[in-house]
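These are the residues of each chain, in order.
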Amino acid sequence: MKAALVGTDGTLLHEARRATGRKRGADAVVETILAFAADLRAHGEEHFGESAVAAGVAVPGIVDAEKGIAVYAANLGWRDVPMRALLGQRLGGIPVALGHDVRTGGLAEGRIGAGRGADRFLFVPLGTGIAGAIGIAGRIEAGAHGYAGEIGHIVVRPDGPDCGCGQRGCLETLASASAVTRAWAAASGDPEADAADCAKAVESGDPAAIAVWQDAVDALAAGLVTALTLLDPSTLIIGGGLAEAGETLFTPLRAAVEERVTFQKLPHIVPAALGDTAGCLGAGLLAWDLLSTEVSA
C-alpha cells in the first residue's frame with residue numbers, strides 16, 4: 001500500500017508504504033488500511049502542526065464510490081466493505097472519499113500530470129492487467145455501474161488466449177506487461193525473463209524479441225483505436241510497467257495507431273508523468289474535491 005499527505009495545491013508532503021498483509025485475510029487487510037490512515041494522520045499533526053481535514057482512499061476491484069463501499073476485490077479477498085464509514089470513524093469523523101485505484105490514478109494524471117489541460121483524455125496503465133480511466137472535464141467517468149474504462153477486456157483477437165473474465169483474446173491477455181512476460185519467457189526459453197528483459201532485447205536488435213514486442217504493440221494499437229473511436233480523447237496517456245520502456249514502446253505504438261485510424265482524429269499519445277505516486281495524489285484530489293463541494297454547498 002502507498003499513502004501520502006497531500007497539500008491543497010497537490011504537493012506531496014509525506015509518503016509512506018506498508019504491506020497489505022493479505023495473507024492474514026480480508027479483515028486483516030481492512031484493519032491494516034485503517035491503522036495506516038490513523039498513523040498518517042498522526043504524522044501530519046506531529047510534523048505539520050495540524051490534522052488532515054479530509055481523506056481519500058483508492059482500492060482495486062469493484063467500487064461503489066457513491067455509497068462508499070469496496071464491493072469486491074479478488075486479490076484482497078473482501079466483499080462489501082463499508083470503507084468510507086470505517087475510515088471516517090477511525091479518523092475522527094472527517095469526510096472520506098472512496099475511489100477505484102485506476103480511475104483515481106487517472107484523475108491525478110489528468111489534472112496535474114500528463115493530461116493537464118486536456119478536456120478529454122484516456123489513461124491506460126499497462127501492468128499485470130490493463131485498465132483505463134476516462135477523463136471528461138476534470139472528472140473521471142465511472143459509468144452507470146462503476147465499470148467504465150475496462151479497456152483490457154475489449155476483445156482484439158477472438159481466437160486469442162483465454163481470459164480470466166471468460167472471454168477469449170482480451171487486450172490484456174496480449175498486451176499487458178504480464179502477457180509480454182509470458183510470451184518472452186516462452187520465446188527466449190528463460191522462465192525468469194520478463195517484459196523489461198524483452199524491451200532490452202528489442203533495443204539490442206534481437207529478432208525474437210522484436211516479434212514478441214510487435215505482436216503486443218499491434219494488439220494494443222487495435223484496442224486503443226476501438227477506444228478512440230468510442231471516446232475521441234484529445235490525449236491518450238499510457239502508464240504502468242510496460243510504459244517504462246519509453247520510446248521502445250511509444251515509437252512503434254504511435255505508428256501502429258496511426259496506421260489503423262481512418263476518419264478518427266489522432267490524439268497525443270504520451271507517457272504517464274506521475275509514476276506510482278498517481279494513486280496517492282489522486283486520492284488526495286478526491287479528498288479536496290469533497291471539501292470544495294462542501295464549501296460550494
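One can find the structure itself at the top, above this paragraph.
Here goes a summary of the coordinates provided. (Residues numbered from 1 in each chain as written. Predicted model: local features only at pLDDT ≥ 70, side-chain atom pairs only at ≥ 80, totals over all residues. Heavy atoms only, no water.)

### What about the overall build of the chain?
Let me state the cut-off plainly: Strands here mean DSSP runs of E at least two residues long; helices mean DSSP runs of H or I at least four residues long; both are numbered from the N terminus. Restricting the calculation to C-alpha atoms gives the radius of gyration, and the globule rule supplies 2.2 Å times the number of residues raised to the power 0.38. In this scheme, a residue with accessible area under 20% of its type's maximum is buried, one over 50% is exposed, and one in between is partly exposed, where area comes from a 1.4 Å probe on protein chains only. By definition in these notes, contact holds between two residues if any of their heavy atoms fall within 4.5 Å. For the area figures, the Shrake-Rupley method with a 1.4 Å probe applies, and any residue is considered shielded solely by the protein chains shown. Counted charges follow a simple rule, with Lys and Arg positive, Asp and Glu negative, and His plus the chain ends left uncounted. Note on charges: their place is set at NZ of Lys, CZ of Arg, CG of Asp or CD of Glu.
The number of helices and strands found in the chain is nine helices and 12 strands. Compactness check: the chain gives a C-alpha radius of gyration of 20 Å against a globular reference of 19 Å for 297 residues, within 12% of the reference. For the chain, the spread of C-alpha atoms along the three principal axes comes to 60 × 45 × 35 Å. Here the chain, with 297 residues, has 46% of them falling under the buried criterion. Counted over contacts in the chain with a minimum sequence separation of 6, partners at least 24 positions apart contribute 59%. Entry remark: accessible area of the chain is about 14400 Å², with carbon and sulfur atoms responsible for 52%. Of the charged side chains in the chain, 23 are positive and 35 negative; the average position of the first set lies 4 Å away from that of the second.

### With respect to a negative patch on the surface
Our working rule: Patch members must show over 30% relative accessible area and no salt bridge, and they are joined within 9 Å when carrying like charges or within 5 Å when they are nonpolar side chains of Val, Leu, Ile, Met, Phe, Trp or Tyr. We define a salt bridge as a contact between a side-chain nitrogen of Lys or Arg and a carboxyl oxygen of Asp or Glu at a distance within 4 Å.
Judged by side-chain charge, Asp190, Glu192, Asp194 and Asp197 come together as a negatively charged surface patch. As for its placement among the helices and strands, Asp194 is situated in the loop between α5 (177–188) and α6 (195–203).

### Side note on the sheet that holds strand β11 (residues 235–239)
Let me state the cut-off plainly: In this analysis, strands are considered paired if DSSP registers two or more bridges between them. Lines fitted to C-alpha atoms define the axes here, with helix axes fitted over just the stretch in contact, and angles between the N-to-C directions of these axes take values from 0 to 180 degrees.
The five strands are arranged β10-β9-β8-β11-β12 in an open sheet whose pairing can be described as mixed. Sheet topology places β10 (139–141) and β12 (268–271) at the edges, where each strand pairs with a single neighbour. Pairs of neighbouring strands in the sheet enclose a mean axial angle of 30°, with direction left out of account. Lying on the sheet, helix α3 (residues 101–112) is in contact with β8 (120–125), β9 (133–136), β10 and β11; it crosses β8 at an angle near 130°.

### Some points on the sheet that holds strand β6 (residues 78–81)
Within the open sheet, the three strands sit side by side as β4-β5-β6. Their pairing is antiparallel. Only two strands of the sheet have a single partner each, and these edge strands are β4 (62–64) and β6. On average, each strand axis in the sheet is tilted by 15° relative to the strand beside it, whichever way the strands run. Two elements, β4 and strand β5 (residues 69–73), share three bridges in a ladder whose sense is antiparallel. The residue bridging Val63 from the neighbouring strand is Ala70, located in β5.

### Overview of helix α1 (residues 26–48)
An α-helical turn contains 3.6 residues, so any two residues separated by three or four positions project in the same direction. Quick reminder of the rule: Multiplying 1.5 Å by the residue count of a helix minus one yields the expected span of that helix.
For α1, which comprises 23 residues, the first-to-last C-alpha distance of 33 Å matches the rise-based estimate of 33 Å (1.5 Å per residue) to within 8%. Phi turns positive, to about 75°, at Gly49, one or two residues after α1.

### Concerning unusual backbone geometry
Phi is positive for Asp80, which is not a glycine, with a value near 50°. Here Asp80 is to be found in strand β6. Residue Asp80 is classed as exposed on the basis of its relative accessible area, which comes to 53%.

### Digging into helix α8 (residues 247–260)
Here α8 contains 14 residues, and its C-alpha end-to-end distance of 19 Å stays within 8% of the 20 Å for a straight helix at 1.5 Å per residue. Buried residues belonging to α8 abut α6, α7 (207–231), β11 and β12.

### A short note on the pattern of salt bridges
In this structure the tally under the stated criterion is 11 salt bridges. Between Arg120 and Asp119 there is a salt bridge, and its shortest N-O distance comes to 2.5 Å. Residue class for Asp119 comes out partly exposed when judged on its relative accessible area of 44%. Here Arg157 and Asp215 are joined by a salt bridge, their closest N and O atoms 3.0 Å apart. Of this pair, Arg157 sits in the loop between β10 and α4 (172–175) while Asp215 sits in helix α7, placing them 58 residues apart in sequence. Linked through salt bridges whose partners overlap, the residues forming this network are Glu15, Arg17 and Asp276.

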